[in-house]
Amino acid sequence: MIQLRSVSFAYGEKQVLQGVSFSVDDGEAVAIMGPSGSGKSTILRLILGLENASDGEVIVDGHDIGKLRESKRRQIRKNIGMVFQEGALFDSLTVGENVGYYLLEHSKLKWEEIDQRACRMLGEVGLNCDEVIDLLPEQLSGGMRRRVAIGRALLSTDPTIMLYDEPTTGLDPRSTHNILGLIEQLHREKNLSTVVVTHQIADAIAIADRYVVIIDGHMVFDGSLDELRDSRDPKVLSFLAPFRASVTGVIESRLSDVVAQNESESPQEES
Ligand SMILES: Nc1ncnc2c1ncn2[C@@H]1O[C@H](COP(=O)(O)OP(=O)(O)O)[C@@H](O)[C@H]1O
Ligand SMILES: [Mg+2]
């Protein structure tokens, strides 16, 4: 479980976050949305304990991470998989070395064992191990690189929390759809707590249980899809406005999916 309690943060003189509070329950998928520069990536850095809140608390797995020593923070980070913006792969390492990097650096496993685990992980994120394991990142498509980055985060520490920073930025619509599908599938199958940062609202709507909107460092919304659709808060409305047409369609179809799912999961259907 992750909890931000009245968190404020500044880079020097520049106030970035002010009084932000929200939580991510175990097994929940939360989307953090907001325009560029609103403080979304900073929130992920605070959750990882890479920055310290100037005010308030960031609780991760029961610990106020800002108050821990670095060695203890590192232990908590072991439960967290982070997929950085653009994937941030090592250009000069092969796909296999990228995915196995953490184990290479931090475990005593033999290379053959790491190689096998990397290969299995590539399968889990939907890549053909034999075809890609010896390639360099530049030889892959954008969508494949994102899959490698997700595999690397998952293999590192077998996390219970996954953080994704703008996971579909720069991808074409088909790859976007596929990557969102993978994030959703991993979330469900591994029962992960998932936080997805995005400025692409349709993406957020496709995968989250709950939605947080950050504008200029202030949290202006925290709620469900229904509540987001029905919000009359002027700040939320103006954030959603440019996407209204595309989003209304997505919301409507997602809501009807949810209704259909609930119906098909009802006990009458099962018996
Ligand atoms: N290392 C840094 N030093 C100073 N300012 C920064 C730094 N990183 C980000 N910022 C500023 O903090 C604000 C929030 O950044 P960020 O969290 O990256 O926003 P988002 O992810 O929503 O685009 C921006 O105005 C950005 O310019
Ligand atoms: Mg960002």
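In this text the structure is predicted, and so the values were computed from the model without any measurement.

Participant: Describe unusual backbone geometry, listing the residues and the values that go with them.
Facilitator: Positive phi values are uncommon outside glycine, yet Asp61 reaches one of about 50 degrees. On the secondary structure map, Asp61 appears in the loop between strand 4 (55–60) and strand 5 (63–64). Despite not being glycine, Asn191 shows a phi value in the positive range, around 50 degrees. Along the chain, the position of Asn191 falls in the loop between helix 7 (173–189) and strand 8 (193–198).

Participant: Describe in detail the confidence of the model for the protein, supporting the description with residues and values.
Facilitator: Atomic detail in the predicted coordinates should be set aside for any region of low pLDDT. Looking at the protein, the pLDDT average stands at 89 and 90% of residues meet or exceed 70. Confidence over residues 266–271 falls short of pLDDT 50; this stretch has one contact with residues more than four positions distant or in other chains.

Participant: Describe the site of ligand 1, listing the residues and the values that go with them.
Facilitator: For ligand 1, the full set of nearby residues is Tyr11, Lys14, Val16, Gly34, Ser36, Gly37, Ser38, Gly39, Lys40, Ser41 and Thr42. Counting residues per element, the ones that place at least two in the shell around ligand 1 are strand 2 (14–24) and helix 1 (40–47). Top contributing element to the shell around ligand 1 by residue count: helix 1, with three residues.

What counts as what
- Residues numbered from 1 in each chain as written.
- Chains lettered and ligands numbered in written order.
- Predicted model: local features only at pLDDT ≥ 70, side-chain atom pairs only at ≥ 80, totals over all residues.
- Helix = DSSP H or I, 4+ residues; strand = E, 2+ residues; numbered from the N terminus.
- pLDDT = per-residue confidence, 0-100.
- Contact = placed C-beta atoms within 7 Å.
- Near = placed C-beta within 6 Å.

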